Amino acid sequence: MKISLFVTCLSDTVAPEAGRAVVRVLERLGHTVEFRPEQTCCGQLHLNTGYRREARQLARRFVRVFGDAEVVVAPSASCVGTVRELYPSLAQGDAAFERQVDALVPRVVELSQLLVGRLGLEDVGASFPHRVTYHPTCHSLRVLNVGDAPLRLLRAVRGLELVDLRDATECCGFGGTFAVKNAETSAAILADKVRSIVDTDAEICTAADSSCLLHIGGALSRGGCAVRTAHLAEILAADA
Amino acid sequence: MRKGFPAAAQDALGDAQLRRNLLVATHAIRAKRLAAVGERPDWEELREAGRTIKRRVLRHLDAYLIQFEQAVERAGGHVHWARDGEEACRVVQGLVTATGQHEVVKVKSLTTDEIQLNETLAAAGIDVLETDLAELICQLAGEESSHILVPAIHKNRIEIRDLFRRELALPHLSEEPRELAEAARLHLRERFLRARVAISGANFAVAETGTICIVESEGNGRFCTTLPDTLITILGIEKLVPTPEDLEVLLQLLPRSSTGERMNPYTSLWTGVTPGDGPREFHVVLLDAGRTDVLADEVGRQALACIRCSACLNVCPVYTRTGGHAYESVYPGPIGAILTPQLQGPGRADSLPYASSLCGACYEVCPVKIDIPEVLVHLRGRIVAEAPPWRAERAAMSALAWVFGSERRLGRAQRLGRLVGRPFVRRGRIRQLPGLRAWTDTRDLRPVASQTFREWWASR
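Note that the coordinates shown come from a computational prediction; the quantities given were computed from them, not determined experimentally.

## Brief notes about the nonpolar core
In this structure, Val22, Val73, Ile235 and Leu236 of chain A together with Leu287, Cys312 and Ile372 of chain B are the most contacted members of the largest nonpolar core, which totals 207 residues. Sorting elements by how many residues they give to this core places helix H5 (residues 77-91) of chain A first, with eight residues. Sequence-distant contacts of cysteine 312 of chain B, defined by excluding residues within four places in its chain, comprise Gly333, Pro334, Ile335, Cys362, Val365, Cys366 and Ile372 of chain B.

So, in structure tokens, the structure goes:
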């Protein structure tokens, strides 16, 4: 299958290892990965902060860039959620744009959805002999409803010890500009999440979103905690 | 006046005792709710039915209101229409004054809190007694409610014991829940028996029959609605349901969502007046106070479907850290964040739609499926479109949109960011970044990668 990677602006800029890992996993499985360099950002940041006009422009760009792709995969449930759940309302009132969105949306998926849901895989041939805990990000859980797809993938990784996270489904407090506009509240939510993670004694905390991991990782390293963060894709790409 | 959410949240965030009280209490209700909901295999169908009923009411509200008015009057009650809180207060004050009484007992009602009825009546020399235990605690403490269902959730037993010792002159009271409840019971009993006028809100009002329904746990509502001669009920116009059969759905959804009970201990329904049984005079005040404006907003109007269960508060990562007072409104939590700004109009509570990480936990538990995140984002859009706020943010957002408008500009911005950020990088992390202190005060930041993804791909 020819798979087009939407790497997301955040992963592109500060966490490129997640994007590289997606490429590695998919190529190892025998798929062709393409990267369309015209891609930038899905517009989520603008949309969720209230800047609809700017978000609509970015949505138009996304649809133009990926319109003819067979399937688009992103290492971010949040960005895929924006495309799948919010683009239709952004397109409202422009019939041509609406049609383009309707046609594209079913082809845009998050990594675990692609692997488990579309390709029917659980074992992607990864090996990662570490103690890992999984944080189900809010948008993977409640916007995209990926269910246990990421957990199934993790359970099939050789050598990986998966440990439960207390209050796993609680938000990490990121929320895009919320982390800055309501910094103290965000930090209070994050502190509880970090405590749960540290209590697992895991070496790695993983998730389906680089953004939440950036947030969690920022507190882990600030607190001098030994736990590291790694995107789900990085674990699935590991085969040493 | 209003501090705005970020500032108002600070008191609570800095109060370790309060945060502990909140987390313990909300987690306890959450677990009960989950168990009660889990018993119903048809929970999702019930939610859908609840949503449908409330949406139908909103769609045909004009007709249902007229039908309700006629039904109440047919049953011997009187209906008053109030455009805003001030008018509603004036009507109620007039009705109480006409009875010649100087004290009233009250059933817990958010709507009366919303219009600050107690303050108006007190100013007119009328003594108002809250009879719901938690409302009584707030009233004695001179504090605002901080939760829709459990207004004193911010207080623990020790704090309540100390309050009762002081205010009810019971120096030897213990913090045993039974003893605390008994103290309140004795305090209230005498007043119930003496009261000639009562004021209530309403959980539901049936358009077809003119019936009012209130649900409660303590029996204080039953006292208030049966013993006095005059009963005055105030309700927002969105509280209507079409027929008594609709209560079948909503009375299943409400207790399970709110207290985690299959059924609440007391459900009172009354229709007009009945000679020789209950109040001799019955008045209904129908309150608009911004609700028709909310109704005009196609996305925002779903907030009016709320049945005040408070499930969204208990699961909200924000509310459970900040408590209710940070919202500076009678309607706190996620539902408050979408209801308050709409009821109060533009410019009044603009920080509230931003008081959410958009985690979606509220939508997941809402018994009438209000898509709270959708409304939050919609209201943010309205704020940005109507009243350009925060000039620096607007400039930053425009700049960012311009950068994202071209892949070449994005590539250049990434290289520039790498260069500018370099002096701040310590062992691969940025620990302090001027201009982004809100983030870096508590969290490290990752710098622009030494090789961005697009650079890596180009070099492949």
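## Re the domain arrangement of chain A
How big an interface is tends to be stated in terms of accessible area lost as the parts join. Residue and element names in this part refer to chain A. For chain A, the assigned domains read domain 1 (2-118) and domain 2 (131-237). Listed per partner, the contact involves 28 residues of domain 1 and 23 residues of domain 2. Of all the secondary structure elements, the ones that give two or more residues to the side of domain 1 that touches domain 2 are helix H1 (9-14), helix H2 (16-28), helix H3 (44-49), H5 and helix H7 (111-118). A class-by-class count of the residues in the side of domain 1 that touches domain 2 yields 14 nonpolar, ten polar and four charged.

## Quick notes on the sheet that holds strand S4 (residues 197-200) of chain B
Across a sheet, strands are paired by hydrogen bonds formed along the backbone, either parallel or antiparallel in direction. Residue and element names in this part refer to chain B. Spatial strand order, S1-S10-S7-S4-S2-S3: six strands in an open sheet with parallel pairing. Looking at the sheet topology across the chains shown, the edges are occupied by strand S1 (78-82) and strand S3 (127-130). The mean inter-strand angle of the sheet, taken between neighbouring strand axes irrespective of direction, is 20 degrees. Here S4 pairs with strand S7 (residues 230-236) via four bridges, running parallel. By the bridge assignment, alanine 198 is partnered in S7 with leucine 231.

## Quick word on the sheet that holds strand S6 (residues 211-216) of chain B
All names here are of chain B. Read across the open sheet, the four strands follow the order S8-S5-S6-S9; overall the sheet is mixed. At either end of the open sheet lies a strand with only one pairing partner, and these are strand S8 (240-241) and strand S9 (266-271). Taken together, the two bridges between strand S5 (residues 204-206) and S8 define a ladder with parallel strand orientation. What sits directly across from alanine 205, in S8, is leucine 240. Packed on one face of the sheet, helix H12 (residues 244-258) meets S5, S6, S8 and S9 and runs near 15 degrees to S6.

## Here we look at the interface of chain B and chain A
In this assembly, 46 residues from chain B lie in contact with 50 residues from chain A. When contributions to the side of chain B that touches chain A are tallied by element, the ones reaching two or more residues are helix H1 (5-13), helix H15 (319-322), helix H18 (372-386), helix H19 (391-404), helix H20 (407-421), helix H21 (437-440) and helix H22 (453-459) of chain B. Of the residues in the side of chain B that touches chain A, the class split is 25 nonpolar, eleven polar and ten charged.

## Here we look at the confidence of the model for chain B
As a note on interpretation, predicted positions should not be read in detail where pLDDT is low. When pLDDT is averaged along chain B, the result is 95, and 99% of the positions lie at 70 or above. Interface confidence in the predicted complex, given as ipTM, is 0.98; pTM for the same model is 0.96.

## Considering the environment of aspartate 293 of chain B
Residue and element names in this part refer to chain B. With respect to the helices and strands, aspartate 293 occurs in helix H13 (residues 291-295). The exposure class of aspartate 293 is partly exposed, given the 15 C-beta atoms found within 10 Å. Expressed as a C-alpha distance, the spacing of aspartate 293 and histidine 283, which sit ten residues apart in the sequence, is 25 Å.

## Quick word on the domain arrangement of chain B
Segmenting chain B into domains produces domain 1 (1-36 + 299-389), domain 2 (40-289) and domain 3 (409-459). Once you take the C-alpha centre of each, domain 2 of chain B and domain 3 of chain B turn out to be 55 Å apart.

## Digging into H1 of chain B
Regarding H1 of chain B, the residues found buried are Phe5, Ala9 and Ala12 of chain B. Down the axis of H1 of chain B, the smallest arc covering the buried residues is 45 degrees, so these residues share one side. At its buried positions, H1 of chain B is contacted by helix H11 (183-199) of chain A together with helix H2 (16-38) and H15 of chain B.

## Re H19 of chain B
Owing to its 3.6 residues per turn, the α-helix aligns residues three or four sequence positions apart on the same side. An ideal rise of 1.5 Å per residue puts 20 Å on 14 residues; H19 of chain B measures up with 20 Å between its terminal C-alpha atoms. Among the residues of H19 of chain B, Met397, Ala401, Val403 and Phe404 of chain B are the ones counted as buried. In an axial view of H19 of chain B, the angular spread of the buried residues amounts to 155 degrees, which keeps them on one side of the axis. Turned more than 90 degrees from where H19 of chain B packs its buried face, Arg391, Ala392, Ala395 and Ala399 of chain B sit exposed. On its buried face, H19 of chain B is in contact with H1, H3 and helix H4 (52-66) of chain A together with H20 of chain B.

## Concerning the pairing of strand S8 (residues 228-231) of chain A
Residues and elements named next belong to chain A. Where strand S7 (residues 204-207) lies against S8, four bridges are found, and the strand directions are parallel. Within S8, the position partnered with alanine 207 by the bridge is histidine 231. Taken together, S7, helix H12 (residues 210-222) and S8 constitute a β-α-β crossover, and its handedness is right-handed.

The rules behind the values
Counting of residues starts from 1 at the beginning of each chain's written sequence and follows it residue by residue. The lettering of chains begins at A and the numbering of ligands begins at 1, in the order of writing. Two thresholds apply to this predicted model, a pLDDT of at least 70 for residue-level local features and 80 or more for giving and counting side-chain atom pairs, whereas whole-chain, interface and lining totals are computed over all residues. Take the buried Ala, Val, Leu, Ile, Met, Phe, Trp, Tyr and Cys residues, join any whose C-beta atoms are within 7 Å, and the set you get is a nonpolar core. Buried means a residue has 20 or more other C-beta atoms within 10 Å of its own C-beta, exposed means 12 or fewer, and partly exposed covers the counts in between; C-beta atoms are placed from the backbone. Segments assigned H or I by DSSP are reported as helices when at least four residues long, segments assigned E as strands when at least two residues long, and all are numbered from the N terminus. Each residue gets a C-beta atom placed from its backbone, and two residues are in contact if those atoms lie within 7 Å. In this entry, domain limits derive from an automatic or database-based domain assignment. When residues are grouped by polarity, Ala, Val, Leu, Ile, Met, Phe, Trp, Tyr, Cys and Pro land in nonpolar, Asp, Glu, Lys and Arg in charged, and all others, Gly among them, in polar. A pair of strands is considered paired only if DSSP assigns at least 2 bridges between the two. All axes here are fitted lines through C-alpha atoms, helices being fitted over the stretch that makes contact, and every angle between N-to-C directions spans 0 to 180 degrees. The predictor attaches a confidence to each residue, called pLDDT, with possible values from 0 through 100. The arc in question is formed by the directions pointing from the helix axis toward the C-beta atoms. By this rule, a helix spans an expected 1.5 Å times one less than how many residues it contains. A crossover counts as right-handed when, viewed with the strands pointing away from the observer, the path leading from the first strand over the helix to the second turns clockwise.

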